[in-house]
Structure formats: C-alpha cells, structure tokens
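# Structural overview
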Amino acid sequence: MEKEPVITVRNLSKQFGLFTAVDNISFDVNKGEIFGFLGANGAGKTTAMRMLCGLSLPSSGTARVAGYDVYRENEWIKRKIGYMSQRFSLYEDLTIRENIRFYAGIYGLSDIQIREKTRMLVEKLHLEGKEKTLVRELPLGWKQKIAFSIAIVHDPAIVFLDEPTAGVDPITRREFWSLIYEASARGITIFVTTHYMDEAEYCNRVSIMVDGRIEALDTPAALMKIHQAGSMDEVFLQLARKAVRAGD
Amino acid sequence: MNQFLVFVKKECLHIWRDRRTLFILIWMPVVQIILYGFALTNEVKNANIAILDQSKDQATLAISNEIAASRYFHLIKTLYSFKDIAATFREGKTRLVIAFPVNFQNDLLHTNHAQIQIIADASDPNTANMLTNYASAIINDYQQSLLKNEQLPYTIKTEVRMFYNPELKGAYNFVPGVMALVLMIVCAMMTSIAIVREKEMGTMEVILVSPLKPFRIIIAKTIPYLLVSVLNIACILLLGVYVLDVPIAGSLWLLIAESILFTITSLSLGILISNSVRTQQAAMFTSMMSLFLPTLLFSGFLFPVENMPYALQVISNIVPAKWYYIIVKEVMIKGLGFGAVWKETSVLLLMTFLLLAISIKQFKIRLS
C-alpha cells in the first residue's frame, strides 16, 4: 500500500476551560488504511474525532483531513468524509429507499446517481423487495450494515465510524467487518473507534488514547510484541490502567 | 438548493408517517374552535328570570312581554312580593329578577321619571353583568319607542351600543385567541419536538457532519410546520366565518401576512426550546409551561390584560401572542388596516428577529 497520508495531525489539543480533553496528539492515517482509534470512555476519542469531522474547532495544533485544513476549510472536509455513529443514525419511520435518497441527497448526488446507488446498495446487501420496508422493522444487524453503506454512499475519501458495532452480536460484527474491508479495498480510508479488542486486531494500525494523549500507535502485531502481550486486550488493559481520569 | 429540498421532503415524510400526530395537528384547531365557540361561550341564552310586577299596567306589561320574548331570557316565575325575591334566588334556578314598583306607568307619564329594579344573582359576576346589560337594553328600547310617539324635549336618554360586536358574541374573542394558541402549539411545540427527536435518535450528528449548513438544517426542519400552520389558519378562518359567523371585516391578506409573521415567531421559539433540552418529553413539557400557559393567560383572550395588576401587565408585554391577538382583533373584527396595527407588527417583527438570531447562534455554539 502506498504511503499517502489522508489525515495528518500535529500537536492537536482541545481545551474546555481548564480541562484538556485532547492533549497534544500527532499521527498520520494513510489512504485506504483501516485505522483503529482506541481508548477508554472519557479518554478523548470523541472530541478528537469531532475535530477531524469539522464539528469542533481545535484549541491548538494543526490537522489536515483529505487535504483540507480543519480550521479554515471544514466545509470542504464535510464533502469528503462519511460518518456513522454508534446509534446507526437511520430514520426509523422512513423506508430503506427513503433513507438512501435522503442521505445521498444531502450530499448533493443527482437523481440519476441516487437511483444507481440505490440499485447497487440493494443488490449488495441482498435487500431486493425490501426497499419499501420501514427501517423500524429491520433487525439490528441489517440496520447497521445499511447505515454503513449509506455513510459511504457518496464515495468519501474517509469514513469515520464511532463505535459502529456497539451492541451487535459477534456473527453480525464479522459480516460488518467484511463490508469495512471491501470499502478499504476500494480506497476508502476507515477511521474507526471500538471497545472490542478482537476488532482492533482487524485494523491495519491502532492508536490507544489514555487521558487525552496517544500512548501507543502501531500495527496490532507490533503492539502485542512491544508489550509482551498475547492479545490486544492485554495491551489495552496495560495502557488504560495508567489512566487517572475517570471515564463517564 | 436541491439538498435543501431533499431535507424538506424528508421532513414532510416524517409528518406524513406519523398519522396520529398529523390527525391531532389538523383536528386540534377544529375541536378548539367548536369547543370555545359553542361549549365555553360566555354568551347567555335563555337565562331563567322572574318578574315582580306590583303595578300591572300597560307599560309594565309591554316591557315584561318584550323581555320574556327575548332569546336571552326565559320567564319561569311571576312573583307577588319583595319577600319572594330572596327565596327565588335561593332556589338557584333564577338568574335575574325584574321588579316594577307600584304606579309605574303613572310615574313615567306624569313625572317623566319611573324606576325599575333589576336584581341579579351575582355569584357569577360575568353572567350577572351581561344579563343586567341585556335587560337594560330592552328597557331602553321600550323607552325609545315611547319617545317616538310623543316628543318630550327634555328627556335624557341613555343609549348603549356595542361596537364591532353588537350582539356581544363570545366567538369574536375566541377565534383570534384560538388562532394564537393553535399557531403557538403547532409551531413551537412541534418544531422543538422534531429537532430534539433528531438529537435523541443520533441522526442530528450525522446531518451536522454532512455539507448542509446548520442554518439550512433548521430552516428545512421548520418549513413543513409552517405549511401545516397555514392549513390551520385557513381551517380556523373558514370555521370562524361559516360556522361561528365571525366576519373578516378587514383585509384577508393582511390577516394572513400577520399570521405568517406570528408563525415565524413561534417557530423561532420552538428552535430556542430545542436548543436547551435533550429529550422529546422535556421539549413538550417546556413548550407547555413556557408557551401554552402564558399564551392562555396573558394574550388577553380569556382574561382582559387591562384588569391585571401592573406587574402582570408589564410581563404580558413579552408574550408574543398578546401582540398577535391585538392585531387579529383590529384587522379581523374591527376591519382596520395596517395603519392601525403597525406598532404591534413592529413589536412582533423585532421579537422574531431577536429570537431567530439568538436561536440560530445558540445552535451554532452547540456545535463547536
């Protein structure tokens, strides 16, 4: 894989009053990479991710996402990224097709593009004949897969996934990860937060945040070697135990 | 712009899918108009009265007949002495007693000065007040008819005329009041709930990450409710005119324009509420307490603002519904033009600008 950074973060910090939520973090994410962004609750993951998505301005430091500056060009960043939250963020009272139309529509896709995307998405997820089903009536695993497919419906450079598998069973999680691999193979960079350490092992590289700082950043194999651990679970526990800040 | 329309369309779908709420939104004004217009009316019809006639002459009989024939009164009893009056009221059925003294016609014709006593059961002061007014009006009518026959130059006559609402119809008050109330609820409560629902569901985050500008998101979310409100205004006006016989004396377009202005005021209040609460229930409760009640109490439609203590009168000035209520009454009932309501309109405009500015600014602050 060619090393072409799509996210460049240097000395990024965010303060809320006296509280430093994100403390001087630096890292790069390369094109097409699956980047795991780990950390206990309250470690500052969400704040960092919000800054990269253009939802929140950093207090200091620099960051470029998809080639755009997070301070001045966040409107451009928004066009280049996709986002999926842990709550799957589909409208339960709309049908599958209406959800696709809406999210594709607000990213400015034309009617022809939307029709084509809907057809492809329905085919890929084997939803033929279900297009007019209300999302409310679907099982959780389906909703999650549809939400992910919708998050990348506009072919973004990077997709941010905020705990996308929370509360989903292991089989569905595995199916979900195969969708992630497929997107990554198409050149979409995946930036994912998770609490499941088996998922961390699926990532190309992971960073572990503790108390607003990045304590470790490497491939899962290298991290396990450095910390002489048998699994990512052990690595995480070793690092997260040092935290002084209480999770929420 | 296309992105914006996609959003509006999706918002309409939400409303359309939620049939129960849509049903309530459309029928609430209809039910309220009918309730206030008919059931809660403060007009009095067929009030039970009794007459004590100690004179029994031509004049007293004529007046008694006129009163008994009026649709406001229903004669249920004839009394024979003053002592009966108290007993009659205690029975509780009689609201008004009209007592003629001895030699009524004699006094009237020879001294030009006769007296009638109108005694009302004032345990319900509003009704009592109204009934005595009705009775006085009938007696005045009779007096005038006498004057027509014989020119008596020095007689002083009182004349009561009820301007704009000669029949003292309650609907004249209620229709503008219900308009203010319904628009407030539909716009403020429904938009605040709709915005907070997106926060609750987590969809707001995803929309905010999209290239849509926050300002446009807010506007797109409110437009469908603006449309529902216009439908409500039409409904209320049609019912008012054709069912309750309340005329639209002034310009219909001015009335509609002012209503849309008030709708926007309410929408911005809804946005303001949605910024400060996290759950749909909290949004509903806050709207109820901070909008519905003040509108009911301070708009002047149930309780006249002029009769309130000074402090409350001052407070009533910050209730947008008060200004809208005044405007609707001036335009719809009195038939006055923009010249008569420009002050109230400016107050509403100023409030709307302030509220919109604050609520959109707050919405942005929440993001950073």
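Residues numbered from 1 in each chain as written. Chains lettered and ligands numbered in written order. Predicted model: local features only at pLDDT ≥ 70, side-chain atom pairs only at ≥ 80, totals over all residues. Heavy atoms only, no water.

## Focus: the overall build of chain B
Here is the rule we go by: Under the scheme used here, helices are H or I runs from DSSP no shorter than 4 residues and strands are E runs no shorter than 2 residues, and both carry numbers assigned from the N terminus. Accessibility here uses a 1.4 Å probe with only protein chains present; expressed as a share of the type maximum, an area under 20% marks a residue as buried, one over 50% as exposed, and anything in between as partly exposed. Contact between two residues is taken to exist if any of their heavy atoms lie within 4.5 Å; hydrogens are not considered.
Counting its regular elements, chain B contains 14 helices and four strands. Out of the 368 residues belonging to chain B, those deemed buried represent 48%. Contacts in chain B between residues at least 24 apart in sequence constitute 77% of all its contacts with a sequence separation of at least 6.

## Some details on the domain arrangement of chain B
The following threshold applies: In this entry, domain limits derive from an automatic or database-based domain assignment.
When its domains are assigned, chain B resolves into domain 1 (2–40 + 170–367) and domain 2 (47–149). On a C-alpha basis, the centres of domain 1 of chain B and domain 2 of chain B stand 47 Å from each other.

## Here's the deal with the side chain of Ser259(B)
All names here are of chain B. Within the fold, Ser259 resides in helix α10 (residues 252–276). In this structure Ser259 comes out as buried when scored by relative accessible area, which is 0%. Residue contacts for Ser259: discarding those within four places in its chain leaves Met179, Leu183, Ile233 and Tyr324.

## Some thoughts on the pairing of strand β2 (residues 73–79) of chain B
Spelled out, the test is: Whether two strands pair comes down to DSSP finding at least two bridges between them.
Two strands pair when backbone bridges link them, and strand β1 (residues 47–53) of chain B and β2(B) are joined in this way by six bridges, in the parallel orientation. Residue pairing in the sheet places Asn48(B) in a bridge with His74(B) of β2(B).

## Structural notes on the interface of chain A and chain B
Applied cut-off: Two parts lose some accessible area (1.4 Å probe) when they are put together, and adding that loss for both gives the buried area. By definition here, a salt bridge exists when the distance from a side-chain nitrogen of Lys or Arg to a carboxyl oxygen of Asp or Glu is within 4 Å. Under this definition, polar contacts are N or O atom pairs within 3.5 Å; protein pairs additionally need one hydrogen-donor-capable and one acceptor-capable atom, and for neighbouring residues in sequence, both atoms have to be side-chain atoms. In the scheme used here, Gly and all other residues not listed as nonpolar or charged are polar, with Ala, Val, Leu, Ile, Met, Phe, Trp, Tyr, Cys and Pro taken as nonpolar and Asp, Glu, Lys and Arg as charged.
Tallying the contact residues gives 29 residues for chain A and 27 residues for chain B. In this assembly, chain A packs against chain B so that about 2,500 Å² is buried in total across both faces, 61% of it on carbon and sulfur atoms. The interface formed by chain A and chain B contains one salt bridge. One salt bridge connects Glu98(A) with Arg17(B), and the closest N-O pair in it is separated by 2.8 Å. For the interface between chain A and chain B, the tally reads eight residue pairs in polar contact (both at pLDDT 80 or more). For the side of chain A that touches chain B, the secondary structure elements donating two or more residues are α2 (74–80), β6 (81–84) and α3 (96–106) of chain A. Classifying every residue of the side of chain A that touches chain B gives 13 nonpolar, six polar and ten charged.

## A few points about the sheet that holds strand β4 (residues 60–65) of chain A
Residues and elements named next belong to chain A. Applied cut-off: Lines fitted to C-alpha atoms define the axes here, with helix axes fitted over just the stretch in contact, and angles between the N-to-C directions of these axes take values from 0 to 180 degrees.
With respect to topology, four strands assemble into an open sheet ordered β2-β1-β4-β5, the strand pairing being antiparallel. Each of the sheet's edge strands pairs with one partner strand only, and the pair in question is β2 (19–30) and β5 (68–69). The strands touched by helix α1 (residues 45–52) are β1 (5–16), β2 and β4; relative to β1, the strand with the most contacts, the crossing angle is about 120°.

## With respect to the sheet that holds strand β3 (residues 34–39) of chain A
Residues and elements named next belong to chain A. Strand order in this open sheet of six strands is β6-β7-β8-β3-β9-β10, and the pairing throughout is mixed. The sheet terminates laterally at β6 and β10 (213–218), the two strands that pair on one side only. In this sheet, adjacent strand axes meet at a mean angle of 15° when their direction is disregarded. Where β6 and strand β7 (residues 158–162) come together, four bridges link them in parallel fashion.

## Re the nonpolar core
Worth spelling out the cut-off: The term nonpolar core refers to a set of buried residues drawn from Ala, Val, Leu, Ile, Met, Phe, Trp, Tyr and Cys, joined through side-chain atoms within 4.5 Å.
Judged by nonpolar contacts, the single largest core of 96 residues is most densely connected at Ile7(A), Phe27(A), Phe148(A), Phe160(A), Ile190(A), Phe191(A) and Met232(A). A total of six residues in this core trace back to one element, the largest contributor, which is α3(A). Dropping the residues within four chain positions of it, Phe148(A) is found in contact with Met84(A), Val159(A), Leu161(A), Phe176(A), Leu179(A), Ile180(A), Ala183(A) and Ile190(A). In this structure, Cys187(B), Ala194(B), Val228(B) and Met308(B) belong to the second largest nonpolar core, which totals 64 residues.

## Regarding the confidence of the model for chain A
So the rule is basically this: pLDDT is a per-residue confidence score from the predictor, ranging from 0 to 100.
On average, chain A scores 88 in pLDDT, and the residues at 70 or more come to 97%. Mean pLDDT per element in chain A: helix α9 (residues 232–240) of chain A is the minimum at 85, and strand β8 (residues 189–193) of chain A is the maximum at 94.

## A few points about unusual backbone geometry
Despite not being glycine, Asn11(A) shows a phi value in the positive range, around 50°. Along the chain, Asn11(A) turns up in strand β1. Exposure remark for Asn11(A): the relative accessible area of 43% places this residue in the partly exposed category. Residue Asn103(B) is not a glycine yet carries a positive backbone phi of 60°. Here Asn103(B) lies in the loop between β3 (96–100) and α5 (104–110). When its relative accessible area of 43% is taken as the criterion, Asn103(B) is described as partly exposed.

## Looking at a nonpolar patch on the surface
Note the threshold: Like charges within 9 Å and nonpolar side chains (Val, Leu, Ile, Met, Phe, Trp, Tyr) within 5 Å are joined into patches, using only residues over 30% in relative accessible area that form no salt bridge. Areas reported as accessible are Shrake-Rupley estimates using a 1.4 Å probe. Residue values count occlusion only from the protein chains shown.
On the surface, Phe285(B), Met288(B), Met289(B), Leu293(B), Leu297(B), Leu302(B) and Phe303(B) cluster together into a nonpolar patch covering about 640 Å² of accessible area. Turning to its location among the elements, Met288(B) is positioned in helix α11 (residues 280–298).

## Topic: the packing of aromatic side chains
Our working definition: To pair, rings of Phe, Tyr and Trp, with the six-membered ring standing in for Trp, must have centres within 6.5 Å; the planes then decide the type, stacked if under 30 degrees apart, edge-to-face if over 60, and tilted in the middle. Should the NZ of a Lys or the CZ of an Arg lie within 6 Å of a ring centre and within 35 degrees of the ring normal, that charge is described as sitting over the ring.
In this structure the tally under the stated criterion is 19 aromatic pairs over all chains. Measuring from ring centre to ring centre gives 5.9 Å for Tyr68(A) and Trp76(A), while their planes differ by 20°; the resulting arrangement is stacked. Seen in terms of ring centroids, Phe148(A) and Phe176(A) are 5.4 Å apart; in terms of plane orientation they differ by 70°. Their pairing is edge-to-face. Of the two residues, Phe148(A) sits in helix α5 (residues 140–151) while Phe176(A) sits in helix α6 (residues 170–185), which places them 28 residues apart along the sequence. Pair check on accessibility: Phe148(A) and Phe176(A) agree, each one buried. Three or more aromatic residues joined by ring pairs make a cluster, and in this case those are Phe27(A), Phe35(A), Phe37(A), Phe160(A) and Phe191(A). The ring of Trp76(A) has Arg79(A) lying over it, and the distance from NZ or CZ to the ring centre is 5.3 Å. The lysine or arginine in question, Arg19(B), covers the ring of Trp16(B), its NZ or CZ lying 4.3 Å from the ring centre.

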